[in-house]
Amino acid sequence: MTRQTQSPKSGRPKPASRRQAVLATVIESYVISGEPVGSHTISDRFARAAGWGSATIRNVMSELEEIGLLEQPHTSAGRIPTDRGYRYYVDNMLDSTQLSENDLSAIESISFGKETTARPDRLMERASHVLSELSENVGIVVWPSLAENRLKQIRFMKLTDSRILVVLVSTSNIVHDKLITLDEEISQDELNRTARYLNAEFEGKSLVAIRAEIIALMKQEEALCDSVVRNAILLCERSLQDEDAETAEVYLDGASNILGKPEFSRAENIRELFRTFEEKSRLVKILNECVADDSHEGAVKVLIGHENLASSLQHCAVITTSYRLSPDLSGTLGVVGPTRIEYGRMMAVVNYLGRFIERAFMTEASLH
């Protein structure tokens, strides 16, 4: 989006505005073509504007290079944006982008009514796929871990072979289920009594807090004399096994999209990036750190190139936002691609999808 502020006296662009117009044109052309942008491209864009001679354009491009917003990758006259150039563009030159009807339709097509909270995994899979499709890069949705949920109700269902199905409903009306195996036999009646005890004692508490209380109970001999409490300790310990903040579910789609990007033509770059995608706990940590220092909850955060602390992402733009499922439960979603990305449109897509997920769960919660 090119801004061109006119001087009221001369009718010519102001010097600062001329730099912005050239920077915007270089970025927008480079995002489309992937090729360094020469002065002739700027000349074509402003052929009918006064004060835009070839010498002026070359001078402005040189100025932008001197202040670190453009660089010349080869000896040719073409320039490309630096990380600083993209940052200036994002912070100072992007107006709010209106999403197209196609983008809006693609996002809203992921809703599936009553299944929203009963099967959130399907919603998250679709959400990551839509992010990938719209960005033509990598779409990622992080679903908060079971450990972060607060208990509304828990049930135990006895199956065969000493297996028990644990069904947990969180205070945000999201249903989780987990299959556990016990070494000892517990009847369905005992399971029902244990569930009633847990629902009465631990309703509204996070599973992290419940685990801490269960550990404390395990140290009390008198508690172990009560069969209901003993069963509760056993069942909770198995149910919470391997559940912590690092086990958040990660839905990732479109990793293959970046294989053809020239920015990742070097084998070591792509290998390191794919290792990051495969290490789910590391990816969760990276994305959560992206949104952790936002002063405005739900704001879109953009990290560009070397602003990313992870070396594998220092050729990438990471565009993220958080989404809230309940007052105490939130997740993260975003797009990862090369720094040569449609910043305005992708920021709008990420923001709209985050708010769309929030509305879907708030609507569902209001029906319960």
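Counting of residues starts from 1 at the beginning of each chain's written sequence and follows it residue by residue. Local features in a predicted model are, by the rule used here, given only for residues with pLDDT of at least 70; side-chain atom pairs are given and counted only at 80 or more, and totals for whole chains, interfaces and linings are based on all residues. Note that water and hydrogens are dropped before the side-chain values are worked out from all heavy atoms of the structure.

Caption draft 1: Region of interest: the sheet that holds strand 7 (residues 249–253). One requirement defines pairing of two strands: DSSP has to find at least two bridges between them. In this description a helix means any DSSP run of H or I spanning at least four residues, a strand means any run of E spanning at least two, and both kinds are numbered starting from the N terminus. Strand order across the open sheet formed by five strands is 7-3-10-9-8, with antiparallel pairing between neighbours. Looking at the sheet topology across the chains shown, the edges are occupied by strand 7 and strand 8 (301–304). Recorded for the sheet is a direction-independent mean angle of 15° between the axes of neighbouring strands. As paired elements, strand 3 (residues 138–143) and strand 7 share five bridges and run antiparallel to each other. Counted as the bridge partner of Ile140 is Leu252 from strand 7. The contact definition used throughout considers only heavy atoms, calling two residues in contact when any of these lie within 4.5 Å. Note on method: axes are straight lines fitted to C-alpha atoms, helices fitted across the in-contact stretch only, with angles between N-to-C directions ranging 0 to 180 degrees. Helix-sheet contacts for helix 13 (residues 280–292) involve strand 3, strand 7, strand 8, strand 9 (316–326) and strand 10 (329–338), and the interaxial angle to strand 9 is about 85°.

Caption draft 2: Spotlight on the packing of helix 12 (residues 267–278) against helix 13. Running from N to C, helix 12 and helix 13 cross one another at 90°; their axes reach a closest spacing of 5 Å. As summarised for this structure, helix 12 and helix 13 are arranged roughly perpendicular, according to the angle between their axes. Counted together, Thr276, Phe277 and Glu278 of helix 12 and Lys280, Arg282, Leu283 and Ile286 of helix 13 form the full contact between these two elements. Residues belonging to the contact of helix 12 with helix 13 are distributed by class as follows: three nonpolar, one polar and three charged. Note that the term roughly parallel is reserved for angles under 35 degrees, roughly antiparallel for angles over 145, roughly perpendicular for angles of 65 to 115, and oblique for everything else. Residue polarity is assigned by list, with Asp, Glu, Lys and Arg as charged and Ala, Val, Leu, Ile, Met, Phe, Trp, Tyr, Cys and Pro as nonpolar; anything else, Gly included, falls into the polar class.

Caption draft 3: Local environment of a nonpolar patch on the surface. A cluster of nonpolar residues, Met157, Leu159 and Leu179, forms a patch on the protein surface that exposes about 240 Å² of accessible area. If you trace the backbone, Leu179 turns up in strand 6 (residues 175–181). We classify Leu179 as partly exposed; its relative accessible area is 45%. Residues form patches when they are more than 30% accessible in relative terms and have no salt bridge. Like charges link within 9 Å. Nonpolar side chains (Val, Leu, Ile, Met, Phe, Trp, Tyr) link within 5 Å. Exposure was quantified through the Shrake-Rupley algorithm and a 1.4 Å probe, taking into account, for residues, occlusion by the shown protein chains and nothing else. The rule for a salt bridge is simple: a side-chain nitrogen of Lys or Arg has to be within 4 Å of a carboxyl oxygen of Asp or Glu. Each residue is assigned to one of three classes by its accessible area relative to the maximum for its type, calculated with a 1.4 Å probe on protein chains only: buried under 20%, partly exposed between the two thresholds, exposed over 50%.

Caption draft 4: Geometry of the packing of helix 8 (residues 188–202) against helix 11 (residues 227–239). Running from N to C, helix 8 and helix 11 cross one another at 85°; their axes reach a closest spacing of 9 Å. Judged by the angle between their axes, helix 8 and helix 11 are roughly perpendicular. Here helix 8 contributes Glu190, Leu191, Arg193, Thr194, Tyr197 and Leu198 to the contact with helix 11, which in turn contributes Val228, Val229, Asn231, Ala232, Leu235 and Cys236.

Caption draft 5: The arrangement of the packing of aromatic side chains in detail. Aromatic pairing here means that ring centres of Phe, Tyr or Trp (its six-membered ring) are within 6.5 Å. Orientation follows from the plane angle: under 30 degrees is stacked, over 60 is edge-to-face, and everything else is tilted. Under the counting rule described, the total for this entry stands at four aromatic pairs. Summarising the aromatic geometry, the rings of Phe46 and Trp52 are spaced 4.2 Å apart at their centres and angled 15° between planes, so their arrangement reads as stacked. No difference in accessibility class separates Phe46 from Trp52, as the two residues are buried. For the ring pair Phe274 and Phe277, a centre distance of 6.0 Å and an interplane angle of 65° mean the geometry is edge-to-face. On the criterion of helical spacing, the pair formed by Phe274 and Phe277 is a turn pair, its members being three residues apart in helix 12. Here, a charge over a ring is recorded when the distance from Lys NZ or Arg CZ to the ring centre is within 6 Å and its angle to the ring normal is within 35 degrees. Here the basic side chain of Arg340 rests over the ring of Tyr30, its NZ or CZ set 5.9 Å away from the ring centre.

Caption draft 6: Spatial organisation of empty space enclosed by the protein. Residues are called lining when one of their atoms sits within 4 Å of a cavity or pocket point, these points coming from a 1 Å grid over the protein atoms alone, where a cavity is a set in which a 1.4 Å probe fits but cannot get out and a pocket is an open set with protein on both sides within 12 Å along at least five of seven lines. Grid points are joined across faces, edges and corners, and a volume is the space filled by probe spheres set on the points. For the coordinates displayed, the defined rule picks out two cavities of 30 Å³ or more. Ile154, Leu168, Leu207, Ser239 and Leu240 are, among the 16 residues lining the largest cavity, the residues nearest its centre. Looking at the lining of the largest cavity, its residues break down into 12 nonpolar, two polar and two charged. Size it by volume and the second largest cavity reaches roughly 40 Å³. For the second largest cavity, the full set of lining residues is Lys158, Ser162, Arg163, Ile164, Leu182, Glu184, Glu185 and Ile186. The class makeup of the residues in the lining of the second largest cavity is three nonpolar, one polar and four charged.

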